[in-house]
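Listed below are the residues making up each chain.
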Amino acid sequence: MARGKLRIYLGAAPGVGKTYAMLSEAHRRVERGTDCVVGFVEHHDRPRTEVMLHGLEEVPRRELEYRGGAFTEMDVDAVLARSPQVALVDELAHTNVPGSRNAKRWQDVEELLAAGVDVVSTVNIQHLESLGDVVESITGVRQQETVPDEFVRRADQIELVDMSPQALRRRMAHGNVYKPDKVDAALSNYFRPGNLTALRELALLWVADRVDEYLKQYRSDHRVSAIWGSRERIVVGLTGGPEGRTLIRRAARLAEKGAGGEVLAVYIARSDGLTAASPKELAMQRTLVEDLGGTFHHVVGDDIPAALLDFARGVNATQIVLGSSRRKAWQYVFGPGVGATVARESGPDLDVHIVTHDEVAKGRGLPVARGARLGRARIVWGWLVGLAGPATLAVLLNTVDLGLANDMLLFLTVVVAAALLGGLLPALASAALGSLLLNYFYTPPLHHWSIADPKNIVAIVIFVGVGVSVASVVDLAARRTQQAARLRAESEILSYLAGNVLRGETSLEALLERVRETFGMESAALLERESDVEPWTCAGHAGLGKPVRRPEDADVDVPVGDHVALALTGRVLPAEDRRVLAAFAAQAVVVLDRRRLQEEADQARALAEGNRIRTALLAAVSHDLRTPLAGIKASVSSLRSDDVEWSEEDEAELLEAIEQGADRLDHLVGNLLDMSRLQTGTVTPIVRETDLDEVVPMALGGVPEDSVELDIPETLPMVAVDAGLLERSVANLVENAVKYSLDGRAVLVAASALADRVEVRVVDRGPGVPDEAKERIFEPFQRYGDAPRGAGVGLGLAVARGFAEAMGGTLNAEDTPGGGLTMVLTLRAAGSRAGPLDPDTPDTQDGPDSPGVPAERLPVRPERRAS
């Protein structure tokens with residue numbers, strides 16, 4: 001069953017007219033013959049809103065008892081049993097009384113949509129979940145009833161019901177919103193002009209974001225490459241600390257203030273490991289940013305500021321959000337920190353926001369850039385202790401005589417300290433310098449570069465050996481630490497890659513983009529060739545510039561098999577990065593193979609559909625075409641027979657049978673040819689401004705007289721159609737309606753103008769078609785019910801819809817009130833610039849809060865000349 005469509009009227013505050021607009025929409029749909037019921041509408045004793053409920057069918061509510069009181073809620077089961085086309089459900093964020101089917105009303109709406117029922121609902125901007133803290137800071141009131149933003153964003157249509165704060169306050173003062181005894185309190189508290197202005201701004205910005213999504217989809221569908229506007233992209237630098245959640249929310253609020261703002265959270269992991277990151281905290285922050293509509297990125301880079309700026313420029317970001325440094329004051333001795341470095345090097349094209357948080361000065365934030373295995377600071381301190389320590393110790397020991405053994409132990413302590421701090425090289429330098437100082441100052445003969453006692457030689461050798469041993473152990477431990485951290489970083493990246501596979505993310509371009517940003521490259525391309533002598537071709541590309549033509553032209557190439565290679569440009573990667581890169585390359589090949597298998601499956605389905613069409617065509621030719629041919633053959637043979645004398649009446653009857661058989665053959669062959677044109681995509685409409693009353697009457701030539709009633713007003717605007725295709729579509733619709741209409745009941749063909757479109761309705765009073773079969777009747781070679789073989793091959797409605805869509809219109813089936821079927825052919829009015837027509841778009845021309853398009857803007861037909 002097809003999912004229902006959701007339309008939401010969004011307002012900035014109570015009283016702007018959301019419910020009134022929803023009820024007006026319901027009346028317009030009922031007038032068009034749509035089966036519309038009221039699931040739950042609360043008029044709040046507002047007279048004008050209550051009047052709008054008159055004439056609409058209301059589904060009885062469900063009564064519930066809670067804490068000694070009686071309450072009413074929407075009866076979801078009753079609405080599902082009624083199975084209307086459209087249900088009105090007010091107050092989307094409402095919390096149901098305990099004991100109801102669902103906890104929230106939006107969950108009730110979800111059930112109706114899943115059952116195929118279209119829903120029209122209302123909600124205020126303050127009830128959106130992501131804006132709860134913002135609304136509280138504006139109004140001082142915390143909204144307890146909220147609806148997830150994602151549910152509202154999935155709505156098929158969102159219409160803003162707007163009203164200025166002054167107009168809303170006047171409406172309240174007149175008693176049109178609240179009872180008189182509550183007006184003064186409301187005006188002086190929640191409905192202050194400042195509050196209403198801020199809420200109105202929130203609503204306008206939120207809807208503008210939704211409009212930008214529609215615009216992006218339109219530009220993508222129509223391949224529009226010209227720039228129509230700017231878009232804010234905000235990069236959030238995460239450290240894995242708890243302050244990340246504050247930064248993400250702050251960035252989300254910044255993004256909401258711009259047109260279509262986008263949030264990209266990025267964590268820069270050093271290639272020597274993830275020493276400061278909490279995997280649990282990162283997972284929570286990833287979930288948060290995705291819930292707020294952003295994306296999470298994991299990038300490897302040793303120079304944190306440079307990697308962050310490269311990522312921001314690579315995604316065309318306009319702003320960077322960073323947290324205030326978590327380092328202690330004394331830690332600034334090692335450098336200015338990531339925030340200051342990014343702000344200094346961002347340039348004029350990037351704005352950097354430094355956000356305060358509760359973790360300021362409680363520990364290090366984003367890790368600083370490090371060069372060697374032990375870190376730059378440790379190496380500097382190691383050399384300082386290794387060189388300055390022995391000299392300082394020699395000066396101190398010259399003032400006191402402790403004996404050679406004690407002197408050697410003190411020098412050995414300095415060597416061990418240099419080894420622990422700086423590793424092997426500072427320790428060797430300290431050992432060499434210390435042994436020279438020991439020889440010169442403390443071993444006889446003093447102040448000479450020689451050793452008289454052989455025992456002292458052994459002591460100095462042991463001294464140097466211990467220093468070198470300790471330095472080697474420290475260096476080995478640092479190397480093992482680096483390897484372990486490196487493997488941990490690789491495992492996290494591979495885990496993310498495996499997660500993509502499990503989640504079914506099969507976009508080759510997205511995977512290549514992930515490779516590019518993970519390794520900080522300029523571009524990434526997957527190259528392949530058929531054989532060793534064939535040239536390379538690009539199967540997928542991501543990044544700046546054109547892809548390289550050969551793997552040899554890239555800075556890094558990873559072969560996968562004999563004829564596939566992953567090529568990256570930007571810099572030369574170290575050998576240890578190739579292991580992870582090989583995993584990405586293998587996954588890219590899997591994605592490419594999967595995409596091609598999907599394409600082959602689509603082609604196989606297309607071939608199967610073609611075989612089905614051909615099989616049905618053969619069946620049609622074998623029976624439906626043979627029957628009129630047999631009738632014509634029998635009539636002609638009878639007329640040519642010399643054995644029978646035919647009267648004039650008999651001859652006329654036989655000639656009429658021949659004529660009817662020929663007409664039927666002509667009609668069947670015409671539909672078959674039209675369907676073949678639609679299947680091959682060779683229908684090219686010639687769209688011109690046309691009068692309906694010039695085309696529609698010509699389409700009625702094939703039906704009996706007095707079987708059709710026409711209602712085509714002369715005031716209708718002209719339509720942009722192909723006259724020939726429109727005539728064939730209407731002829732097929734009318735012929736189908738006459739065929740199934742009950743005896744004595746004429747088919748009504750009526751037309752009316754609705755905003756920027758014109759609807760032609762073909763209404764019959766036949767048996768009708770159930771909802772589950774309304775789409776199936778438009779498929780080729782389909783007959784509904786027990787239609788006889790002589791009723792045709794089942795191509796008329798398929799051809800009619802195909803021609804309608806070729807002209808930019810739509811064709812849908814609706815139930816006729818009182819019984820029967822109504823075919824609704826929606827055409828574009830001449831001069832309209834709208835996109836593809838939506839049959840469910842309501843006529844808002846007469847709406848009270850959204851006037852829509854005035855009728856006088858549409859081109860009106862010129863005066864008809866007397867013939």
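Cut-offs and rules
- Residues numbered from 1 in each chain as written.
- Predicted model: local features only at pLDDT ≥ 70, side-chain atom pairs only at ≥ 80, totals over all residues.
- Heavy atoms only, no water.
- Helix = DSSP H or I, 4+ residues; strand = E, 2+ residues; numbered from the N terminus.
- Axes fitted to C-alpha atoms, helices over the stretch in contact; angles between N-to-C directions.
- Parallel < 35°, antiparallel > 145°, perpendicular 65-115°, else oblique.
- Contact = heavy atoms within 4.5 Å.
- Nonpolar A, V, L, I, M, F, W, Y, C, P; charged D, E, K, R; others polar.
- Pairing = 2+ DSSP bridges.
- Core = buried A, V, L, I, M, F, W, Y, C linked by side-chain atoms within 4.5 Å.
- Buried < 20%, exposed > 50% of the residue type's maximum accessible area, 1.4 Å probe, protein only.
- Arc of directions from axis to C-beta.
- Left-handed = near helix turned anticlockwise from the far one by under 90°.

A.B. asks: Give me unusual backbone geometry: which residues, what numbers.
C.D. replies: With the exception of glycine, most residues fall at negative phi, and the peptide bonds are largely trans. One non-glycine residue, Asp45, lies in positive phi territory at about 60°. In this structure, Asp45 sits in the loop between strand S2 (36–40) and helix H2 (47–52). In this structure, Arg67 is a non-glycine residue whose phi angle is positive, near 55°. For Arg67, the position within the fold is in the loop between strand S4 (62–66) and strand S5 (69–73).

A.B. asks: How would you summarise the packing of helix H14 (residues 376–397) against helix H15 (residues 404–422) if you had to cite specific residues and measurements?
C.D. replies: The contact between H14 and H15 brings their axes to 7 Å, and the two run at 170°. By the angle between their axes, H14 is roughly antiparallel relative to H15. Residues Arg378, Ile379, Trp381, Gly382, Val385, Gly386, Gly389, Pro390, Leu393, Ala394 and Leu397 of H14 touch H15, and the partners they reach there are Asp407, Leu410, Phe411, Val414, Ala417, Ala418, Leu420, Leu421 and Gly422. The residue inventory of the contact of H14 with H15, partitioned by class, reads 14 nonpolar, four polar and two charged.

A.B. asks: For the sheet that holds strand S16 (residues 556–559), give the residues involved together with the corresponding values.
C.D. replies: Ordered in space as S15-S14-S17-S16, the four strands form an open sheet in which the pairing is antiparallel. Each having just a single partner strand, strand S15 (537–543) and S16 make up the two edges of the open sheet. Each strand of the sheet is rotated relative to its neighbour by a mean of 15°, with strand direction disregarded. By the bridge criterion, six bridges tie strand S14 (residues 523–528) to S15 in an arrangement that is antiparallel. The partner of Glu528 across the bridge, within S15, is Thr537. In the packing of helix H18 (residues 508–518) onto the sheet, contacts are made with S14, S15 and strand S17 (564–569), and the angle to S15 comes to roughly 55°.

A.B. asks: How would you explain the nonpolar core if you had to name every residue and give the values?
C.D. replies: Formed by 63 residues in total, the largest nonpolar core has its most connected members in Leu88, Leu92, Leu112, Ile125, Val147, Phe191 and Trp206. Sorting elements by how many residues they give to this core places helix H9 (residues 193–221) first, with six residues. Ignoring sequence-local partners within four residues, the contact set of Trp206 consists of Leu10, Ile125, Leu128, Leu131, Asp149, Val152, Arg153 and Ile158. Counting 40 residues, the second largest nonpolar core, distinct from the first, contains Leu726, Ala773, Ile777 and Leu797.

A.B. asks: Can you explain the environment of Val703? Please cite residues and give values.
C.D. replies: Mapped onto the elements, Val703 comes out in the loop between helix H22 (692–695) and strand S19 (708–711). As for Val703 and Ala731, which are separated by 28 residues in sequence, their C-alpha atoms are 8.7 Å apart. Setting aside its immediate chain neighbours within four residues, Val703 contacts Val708, Val734, Glu735 and Val738.

A.B. asks: I'd love a proper account of helix H7 (residues 165–173), names of residues and values included.
C.D. replies: When H7 is considered as a whole, its buried residues turn out to be Pro165, Leu168 and Met172. Looking down the long axis of H7, one finds its buried residues gathered within 65° of arc, a one-sided arrangement. Once H7 finishes, Gly175 follows within two positions and takes phi at roughly 80°, a positive value.

A.B. asks: Residue-level account of the pairing of strand S9 (residues 233–238), with values.
C.D. replies: Counting buried residues along S9, five of its six residues qualify, which places the element largely inside the surrounding structure. Sheet topology note: the S9/strand S10 (residues 262–269) ladder contains six bridges and is parallel. Bridging across to S10, Ile234 finds its partner in Val263. Direction of pairing for S9 relative to strand S12 (residues 319–323): parallel, over a ladder of three bridges. Counterpart to Ile234 in the pairing with S12 is Gln319.

A.B. asks: Talk me through helix H12 (residues 304–314); I want residue IDs and the actual numbers.
C.D. replies: Within H12, burial applies to Ile304, Pro305, Ala307, Leu308, Leu309, Phe311 and Ala312. Against S9, S10, strand S11 (295–300), S12, helix H13 (338–345) and H18 lie the buried residues of H12.

A.B. asks: Explain the packing of helix H23 (residues 723–740) against helix H24 (residues 796–806) to me, using residue names and the numbers behind them.
C.D. replies: Contact geometry for H23 and H24: axes closest at 9 Å, N-to-C directions at 150°. Classified by the angle between their axes, H23 and H24 sit roughly antiparallel to one another. Handedness of the H23/H24 crossing: left-handed. Contacts between H23 and H24 pair Leu725, Arg728, Ser729, Asn732, Leu733 and Asn736 from the former with Gly796, Leu797, Val799, Ala800, Phe803 and Ala804 from the latter. Considering only residue class, the contact of H23 with H24 consists of seven nonpolar, four polar and one charged.

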